[in-house]
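# Chains, contacts and geometry: an overview
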Amino acid sequence: MLTLLKKEINVFLNSLIGYIAIIVFLLTIGLFMWVLPTESNVLDNGFANIDALFVISPWIFLFLIPAITMRTFADEKKGGTIELLLTRPLTDLQIILAKYLAGVLLVIISLAPTLIYYYTVSILGSPPGNMDTGGMWGSYLGLLFLASAFVAIGVFASAISNDQVTAFILAMFLCFFCYTGFAFISTLDFFGRINNFILSLGINDHYLSMSRGVIDTRDVIYFFSLISIFIIATRTSLESRKW
């Protein structure tokens, strides 16, 4: 499994997709935080925080993570190497986890340089260092959980697709629905008393909770459960080829 994980990471880093994803992510965040005249601009709003990073990043990940994960299984199918992969001395779950963890590691690599933004804003604060560090780390953890869930969704979409374009579109739709769809449905009067329950099914509700710097076990369990559901669904998809 470790060998396959290293192979997947090398595939990402030896291709333009991984670097383009990282550069686009950092460039877009940098523009919103430091250049464009928006409410997210750190220099204009007068507050020593990097909240803009945690507001904008989920929307960027909605596009970038499907682009990263679309090739995981769809490319194997198109290239005719999926059968060879499944005959390796690895279980289906180990193969899925190797591809999944490779995607998560790429997300971590893309997030790591954003610590420079934290350091810069901390220095610019009055007095320097006047930032809610605990809240920031909670927000980073929430963003990592959100991205990890998107990766699980993207891997699943790739597993049930026969080409990368279909995998990308399907992953983007599923990520968008899981992120905002339940929140929209919960606003409808039709569901009445269960609106709060429907809201809690969405990623955004739990992400916002963690972004406040409060790590609630219910939020952690939710993300682990969501990730597990899509990994199990991916495994089921692969196993269906043997039926």
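See the structure printed just above.
Residues numbered from 1 in each chain as written. Predicted model: local features only at pLDDT ≥ 70, side-chain atom pairs only at ≥ 80, totals over all residues. Heavy atoms only, no water.

### Thoughts on the overall build of the protein
Check the secondary structure of the protein and you find 13 helices and zero strands. Its helices and strands in sequence order give the protein the pattern α-α-α-α-α-α-α-α-α-α-α-α-α, from N to C terminus. Across the 243 residues that make up the protein, the buried fraction comes to 47%. Of the contacts formed within the protein by residues at least 6 apart in sequence, a portion of 73% connects residues at least 24 apart. Only carbon and sulfur atoms are counted for the fraction: they give 69% of the accessible area of the protein, which is about 12400 Å². (Helix = DSSP H or I, 4+ residues; strand = E, 2+ residues; numbered from the N terminus. Buried < 20%, exposed > 50% of the residue type's maximum accessible area, 1.4 Å probe, protein only. Contact = heavy atoms within 4.5 Å. Areas by Shrake-Rupley, 256 points an atom, 1.4 Å probe, with all protein chains shown as cover.)

### Structural notes on the packing of aromatic side chains
Overall, the coordinates contain 12 aromatic pairs when judged by the stated rule. For the ring pair W137 and Y140, a centre distance of 5.8 Å and an interplane angle of 40 degrees mean the geometry is tilted. In this pair, W137 and Y140 both sit in helix α9 (residues 133–159), three residues apart, roughly one turn of the helix. Judged by its relative accessible area of 47%, W137 falls in the partly exposed class. Among the residues examined, Y140 registers a relative accessible area of 9% and is labelled buried. Between Y222 and F223, the ring centres sit 5.4 Å apart and the planes meet at 75 degrees, which makes this aromatic pair edge-to-face. When sorted by exposure, Y222 lands in the same class as F223, which is buried. One aromatic cluster in this structure is built from W59, F150, F176 and Y179. (Phe/Tyr/Trp six-rings, centres within 6.5 Å; stacked < 30°, edge-to-face > 60°.)

### Notes on the pattern of salt bridges
Taken as a whole, this structure holds two salt bridges when the rule is applied. With its nearest N and O atoms 2.7 Å apart, the salt bridge here joins R218 to D216. Given a relative accessible area of 61%, R218 falls into the exposed group. For E239, the salt bridge goes to R235, with nearest N and O atoms at 3.2 Å. Of this pair, E239 and R235 both sit in helix α13 (residues 217–239), four residues apart, which is roughly one turn of that helix. (Salt bridge = Lys/Arg side-chain N within 4 Å of Asp/Glu carboxyl O.)

### Describing the environment of S148
Structurally, the position occupied by S148 is in helix α9. On the accessibility criterion, S148 (8% relative accessible area) is buried. Along the backbone, S148 and F223 are 75 residues apart, and their C-alpha atoms lie at a distance of 8.4 Å. Beyond its immediate sequence surroundings of up to four residues, S148 is in contact with Y100, V104 and I227.

Such coordinate-based values are descriptive only and should not be taken to indicate function.
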